[in-house]
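The residues making up each chain are set out below.
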Amino acid sequence: MRKLAQELRFSLVDQTKMITAASELSRNTIVYGRGGEMRWEIVTKGAQTGLRLAFEDRGPGIPDTNLALTDGWTSGSGMGIGLSGSRRLVNDFELRTVVGEGTCVTITRWR
Ligand SMILES: Nc1ncnc2c1ncn2[C@@H]1O[C@H](COP(=O)(O)OP(=O)(O)OP(=O)(O)O)[C@@H](O)[C@H]1O
Ligand SMILES: [Mg+2]
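### Some remarks on the overall build of the chain
Okay, step 1: In terms of regular secondary structure, the chain is built from four helices and four strands.
Okay, step 2: When its helices and strands are written in sequence order, the chain yields α-α-β-β-α-α-β-β.
Okay, step 3: A compact globule built from 111 residues should have a C-alpha radius of gyration of about 13 Å, and the chain, at 14 Å, falls within 12% of that.
Okay, step 4: With the C-alpha coordinates aligned to their principal axes, the bounding extent of the chain is approximately 40 × 25 × 20 Å.
Okay, step 5: Residue burial in the chain is summarised as follows: out of 111 residues, 28% are buried.
Okay, step 6: Taking as baseline every contact in the chain between residues at least 6 positions apart, the subset at least 24 positions apart corresponds to 57%.

### Looking at the packing of helix α2 (residues 12-31) against helix α4 (residues 82-89)
Okay, step 1: Packing of α2 against α4 leaves a shortest axis separation of 9 Å and a crossing angle of 150 degrees. Of the possible angle classes, the one that applies to α2 and α4 is roughly antiparallel. The chirality of how α2 crosses α4 is left-handed. Contact residues: Lys-17, Thr-20, Ala-21, Glu-24, Leu-25, Arg-27 and Asn-28 in α2; Gly-82, Leu-83, Gly-85, Ser-86 and Leu-89 in α4.
Okay, step 2: Residue composition of the contact of α2 with α4, grouped by class: four nonpolar, five polar and three charged.

### Focus on the site of ligand 1
Okay, step 1: Around ligand 1, the structure places 21 residues, and the nearest of them are Asn-28, Thr-74, Ser-75, Gly-78 and Gly-82.
Okay, step 2: Secondary-structure elements contributing two or more residues to the shell around ligand 1 are α2 and α4.

### Some points on the sheet that holds strand β3 (residues 92-98)
Okay, step 1: In spatial order, the strands read β1-β2-β4-β3; together these four strands make up an open sheet with antiparallel pairing. Taken across any chain shown, the strands that pair with only one partner, and hence form the sheet edges, are β1 (36-45) and β3. Sheet twist, expressed as the average angle between the axes of neighbouring strands with direction ignored, equals 15 degrees.
Okay, step 2: Here 10 bridges tie β1 to strand β2 (residues 48-57), and the two strands are oriented antiparallel to one another. The partner of Trp-40 across the bridge, within β2, is Leu-53.
Okay, step 3: Where α2 meets the sheet, its contacts fall on β1, β2 and β4 (102-110), and the angle it forms with β2 comes to roughly 15 degrees.

Scoring rules and cut-offs
- Residues numbered from 1 in each chain as written.
- Chains lettered and ligands numbered in written order.
- Predicted model: local features only at pLDDT ≥ 70, side-chain atom pairs only at ≥ 80, totals over all residues.
- Helix = DSSP H or I, 4+ residues; strand = E, 2+ residues; numbered from the N terminus.
- Rg over C-alpha atoms; globule rule 2.2 N^0.38 Å.
- Buried ≥ 20, exposed ≤ 12 C-beta atoms within 10 Å, placed from the backbone.
- Contact = placed C-beta atoms within 7 Å.
- Axes fitted to C-alpha atoms, helices over the stretch in contact; angles between N-to-C directions.
- Parallel < 35°, antiparallel > 145°, perpendicular 65-115°, else oblique.
- Left-handed = near helix turned anticlockwise from the far one by under 90°.
- Nonpolar A, V, L, I, M, F, W, Y, C, P; charged D, E, K, R; others polar.
- Near = placed C-beta within 6 Å.
- Pairing = 2+ DSSP bridges.

This is the structure in C-alpha cells:
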C-alpha cells in the first residue's frame, strides 16, 4: 500500500493519511463485517491522479450511517473514530450499506 502510494508520488503526509484510513476501514471490515475484501484502483480526472480503495464485506450492514459517522459513537468497545476520522483523511468518501447484506466504503485521495 505504501509502495503504491509512493509510486504515485504522493507526499509523505498523503501516504500516511491513506494508510491510516485504510487500516481503520480494514479493521472495521474484520471486526464488524466478519471479513471482506479490499480493492484498489488508480483513477484519473483530467490531469489529476488518485488512489481509490474500496473495502467491502457481507456483514450485518450499518442501520444508521449518520450515527456511525459521528465522532465517538461506537456500537462496541472502540473509540468510534475510525469511520469519521477516515472521512477527514481523504478527498472522497462513500459509504454504501444495506442492513443484512453488507457494507462497502470507498475512499479516494487525489495527488
Ligand atoms: N463494516 C462495518 N459493518 C458493520 N458495522 C460497521 C462497519 N464499520 C463500522 N460499523 C459500525 O459503525 C460504528 C463506528 O465505526 P468506527 O470505525 O467509527 O468506530 P469503532 O470501530 O467502533 O471504533 P474505532 O475508533 O476503534 O474504529 C461501529 O461501532 C460499528 O457499529
Ligand atoms: Mg473502527
